[in-house]
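Observations on the three-dimensional arrangement
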Number of protein chains: 2
Amino acid sequence: MSTPLPLGSTIGILGGGQLGRMLSVAASRLGYKTHIFEPGANPPAGQVADQVTTAAYEDEAALLAFADAVDVITYEFENIPTSALDTLEAHRPIRPGREALRVSQDRITEKEFLSDLGLTVAPFAAVQTKEELDAALDTIGTPSILKTRRFGYDGKGQARLNSQADAPAALADMAGSPSVLEGFVNFSHEVSVIAARGITGEVACFDPGENVHVGGILRTTTIPANLPGSMRMDAVLMASKILNALDYVGVMGVELFVTKDGLVVNEIAPRVHNSGHWTQNGCAVDQFEQHIRAVVGLSLGDGKRHSDVVMENLIGDDMDKVPALLSEPHVAVHLYGKAEAKAGRKMGHVNRVTPNA
Amino acid sequence: MSTPLPLGSTIGILGGGQLGRMLSVAASRLGYKTHIFEPGANPPAGQVADQVTTAAYEDEAALLAFADAVDVITYEFENIPTSALDTLEAHRPIRPGREALRVSQDRITEKEFLSDLGLTVAPFAAVQTKEELDAALDTIGTPSILKTRRFGYDGKGQARLNSQADAPAALADMAGSPSVLEGFVNFSHEVSVIAARGITGEVACFDPGENVHVGGILRTTTIPANLPGSMRMDAVLMASKILNALDYVGVMGVELFVTKDGLVVNEIAPRVHNSGHWTQNGCAVDQFEQHIRAVVGLSLGDGKRHSDVVMENLIGDDMDKVPALLSEPHVAVHLYGKAEAKAGRKMGHVNRVTPNA
């Protein structure tokens, strides 16, 4: 049994976007301070953090000063350069740990890890050249999706192949990046489990939510998900298996396809996850607080849901809907403090709560 | 119809305690930044604010720089020196406005204001000398309470008189401050209404909560309150009357005694209120967000309750209960980031939520 960080300790957060912002707020609720490390100026998270460092991930001196100023380090995104992690880890614990980052930073490594655990994933093959793509298509066929192995998010770095004829264009889209061809999974819908694992190995999962994506970007998450009880149990057991195998500390998002033959793991994200934003208004302990609890070594909350919720992302021009949303009953509006509402940019979200009977 | 402050604007908050802290968090949810002005070093609100000014209310230069850096000014407590308000108001709007502060800063002015509105208050008389106290006791009798006219909070600056014999000691407690003798109200329980009024005059009230005080400090608030429907309506109408009379903009706490003859106004607080903390986990829009909405000129949320809640304050040594509370289902823990758990000091609160059926 380890001792939690004392109240008033400082949590360092790599990345200053909306996830870091909401992590900061959750940390404040538990009496902790946060320090954001972010290369971009004026990060959204900085507005609610105790300290902000604006520096590149290559700035060794800034990394060392940051490590020195905090008691533990976590992150809001998984694509942090390895060199920065090496520097930081020599001075402060990083939670979740390096193994989770190593696995989730590369789609092939991730799928092999999941397969080795006995979990079902889409058929896949590593691809970089035209010859490799042709060979992969022979096995996997179409429809299928070519994705970069690293640094993809929100549908970026992906090309769909509906027939062999789409191969050259898809490969050109990858611009020479190591890629993976994924076979199409015939799923009825996608769900995700937001799972947390504490420093002593306890696991707590929020209820699975049902996700709808548009153009590769999450649009809505609905709780409870349309899922038979047995699959609900499977989803939670699968998530627990993943977290335990990684000796994971923190919150992870696990995306699952629902098929007639069972659940297929789409991908994992070693951080708080957009599909877990509903917990802010549906649970006494939300995903952000759960993550902070794990990272500082507190016991996890039980994650029980007190209300049903539909979460909807506000993307780009959706900001025009905010005035109307502010007046809608039982709607909680969460904005991210971003200056410009560019197309495809996540600007905020709303949680529609179903009231007590 | 006035235009709301644009997203990204900065709200200046006078006072950096837990109320300022939770106001900052609510402002962030709506995409606004906050700037705290607080004489004490390292204020709890500073940990989640964009900017902090540490300066005395007598520091004219600091007040001017603060006013210059913000777009609107609000406050977390009512006892701000008049000279500071004069300086600030010449440069930026202060919401709620000066009239609310003038009325609520003096118990006699407040009671006269409420009486003039036709609302019932406890019998009262201004007292400073032994002769005035004797005369007041002749009319009001005992049990009664002697209170300082100004600067009282959490039961401080109050002395109970159970008989005429307690008069000298009670007067000594006031240490020469202008005071008020309040007659005892034979009430069954206390409720409070957290009411908000927007910049266009709309009023929205949260459901009345039932308060239990111990030693002059709020201990619990339970929602819904034990209150017949007609009194529930009265409570909301009384609160609306008060806010309209003051041309009020923001959230106000209105404490009411429940008696067999109806509701008696105990006191009003021109700010977010401890008895409104339950809204954080019982409503999609909480009292802090409602206050921010009013202050920046947005429309109010409807304040509907989605769940029943019991709020309990964590005072001094109650902090020892936190580890157990963190594991309790449907309990939301809110800590204030204060360094030391002194006796009688509000360190945090918990909201126990009743789940959906």
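Computed from a predicted model, the values in this text were never measured in an experiment.

What counts, and at which threshold
- Residues numbered from 1 in each chain as written.
- Chains lettered and ligands numbered in written order.
- Predicted model: local features only at pLDDT ≥ 70, side-chain atom pairs only at ≥ 80, totals over all residues.
- Heavy atoms only, no water.
- Core = buried A, V, L, I, M, F, W, Y, C linked by side-chain atoms within 4.5 Å.
- Buried < 20%, exposed > 50% of the residue type's maximum accessible area, 1.4 Å probe, protein only.
- Contact = heavy atoms within 4.5 Å.
- Pairing = 2+ DSSP bridges.
- Helix = DSSP H or I, 4+ residues; strand = E, 2+ residues; numbered from the N terminus.
- Axes fitted to C-alpha atoms, helices over the stretch in contact; angles between N-to-C directions.
- Polar contact = N/O pair within 3.5 Å; in protein donor to acceptor, adjacent residues only side chain to side chain.
- Domains from an automatic or database assignment.
- Buried area = accessible area lost by both parts, 1.4 Å probe.
- Least-squares fit on C-alpha atoms with pLDDT ≥ 70 in both.
- Salt bridge = Lys/Arg side-chain N within 4 Å of Asp/Glu carboxyl O.
- Nonpolar A, V, L, I, M, F, W, Y, C, P; charged D, E, K, R; others polar.
- Arc of directions from axis to C-beta.
- Phe/Tyr/Trp six-rings, centres within 6.5 Å; stacked < 30°, edge-to-face > 60°.

**Let's talk about the nonpolar core**
Counting 45 residues, the largest nonpolar core has Ile11(A), Tyr32(A), Trp278(A), Phe288(A), Ile292(A), Val296(A) and Val333(B) as the members making the most contacts within it. Every residue in contact with Ile292(A), bar those within four places of it in the chain, is listed here: Ile11(A), Leu23(A), Ala26(A), Ala27(A) and Leu30(A).

**Some details on the sheet that holds strand E8 (residues 179-183) of chain B**
All names here are of chain B. Pairing is antiparallel in the open sheet, where 4 strands are placed in the order E5-E8-E6-E7. Of all strands in the sheet, those with a lone pairing partner are strand E5 (124-127) and strand E7 (158-161), marking the two edges. Each adjacent strand pair in this sheet contributes to an overall mean axis angle of 20°, direction not counted. The strands touched by helix H6 (residues 130-140) within the sheet are E5, strand E6 (144-148), E7 and E8, with E5 carrying the most contacts at an inclination of about 170°.

**Some words on the side chain of Lys346(B)**
All names here are of chain B. Along the chain, Lys 346 turns up in strand E17 (residues 346-353). Here Lys 346 falls in the buried class, since its relative accessible area comes to 12%. Polar side-chain contacts of Lys 346 include one of 2.8 Å to the side chain of Asn 274.

**Thoughts on the domain arrangement of chain A**
All names here are of chain A. Split into domains, chain A comes out as domain 1 (10-94), domain 2 (123-183) and domain 3 (189-353). Each of domain 1 and domain 3 has a C-alpha centre, and these two points are 22 Å apart. Domain 1 puts 19 residues into the contact, and the matching count from domain 3 is 21 residues. Both sides of the domain 1 and domain 3 interface together cover about 1,800 Å² of buried area, and 68% of this is carbon and sulfur.

**Re the relation of the copies chain B and chain A**
Aligned on chain A, chain B shows an RMSD of 0.0 Å; the corresponding rotation is 180° and the shift along the axis is 0.0 Å. These values place the two chain copies in the arrangement generated by a two-fold rotation axis. Relative to the rotation axis, the closest C-alpha in chain B is found at Val48(B), a distance of 2.0 Å. Counting the interface residues of chain B, we find that 100% of their copies in chain A are interface residues as well, pointing to one common contact surface.

**Digging into the interface of chain B and chain A**
On the side of chain A, 43 residues touch chain B, which itself brings 43 residues to the contact. Among the residues chain B hides against chain A, the three largest losses belong to His306(B), Leu326(B) and Asn356(B). Together they make up 19% of the total. Scanning the region where chain B abuts chain A turns up 0 salt bridges. Remark: the boundary between chain B and chain A carries 10 residue pairs in polar contact (both at pLDDT 80 or more). Sorting the residues of the side of chain B that touches chain A by element identifies helix H1 (18-29) and strand E16 (331-335) of chain B as the ones contributing at least two each. Of all the elements, E16(B) adds the most residues to the side of chain B that touches chain A, at 5 residues. Split by residue class, the side of chain B that touches chain A holds 19 nonpolar, 15 polar and 9 charged.

**Here's the deal with helix H3 (residues 82-89) of chain A**
Residues and elements named next belong to chain A. When H3 is considered as a whole, its buried residues turn out to be Ala 84, Leu 85, Thr 87 and Leu 88. Burial along H3 is one-sided: seen end-on, the buried residues are contained in an arc of 160°. Buried residues belonging to H3 abut strand E1 (10-14), helix H2 (60-69), strand E4 (72-75) and helix H4 (98-104).

**Let's talk about the sheet that holds strand E2 (residues 33-38) of chain B**
Remark on secondary structure: sheet strands pair via backbone hydrogen bonds, oriented parallel or antiparallel. Residues and elements named next belong to chain B. One open sheet holds the 4 strands; their spatial order is E3-E2-E1-E4, and the pairing between them is parallel. Pairing within the sheet leaves two strands with one partner each, and these edge strands are strand E3 (51-54) and strand E4 (72-75). Ignoring which end each strand starts from, the neighbouring axes of this sheet average 25° apart. As judged from the 4 bridges shared by strand E1 (residues 10-14) and E4, these two strands associate in the parallel manner. In the sheet register, Leu 14 faces E4, and the bridge partner there is Tyr 75.

**Things to note about the pattern of salt bridges**
Across all of its chains, the model carries 46 salt bridges over all chains by this definition. Here Arg293(B) ties to Glu289(B) by a salt bridge, and the two come within 3.0 Å at their closest N and O atoms. Placement of the pair is Arg293(B) and Glu289(B) together in helix H10 (residues 287-296), with a separation of 4 residues, close to one helical turn. Because the salt bridges share partners, they merge into one network encompassing Arg219(A), Glu312(A), Asp318(A), Lys321(A), Glu328(A) and Arg352(A).

**Some remarks on the packing of aromatic side chains**
A full pass over the atoms with the stated rule returns 10 aromatic pairs over all chains. Between Phe206(B) and Trp278(B), the aromatic rings sit 6.3 Å apart at their centres with planes inclined by 85°, giving edge-to-face as the arrangement. Highlighted residues: Phe206(B) in the loop between strand E10 (203-205) and strand E11 (209-214) and Trp278(B) in the loop between strand E14 (262-269) and helix H9 (279-282), separated in sequence by 72 residues. With respect to class, Phe206(B) is no different from Trp278(B); both count as buried. Pairwise contacts between aromatic rings join Phe37(A), Tyr57(A), Phe66(A) and Phe77(A) into one cluster.

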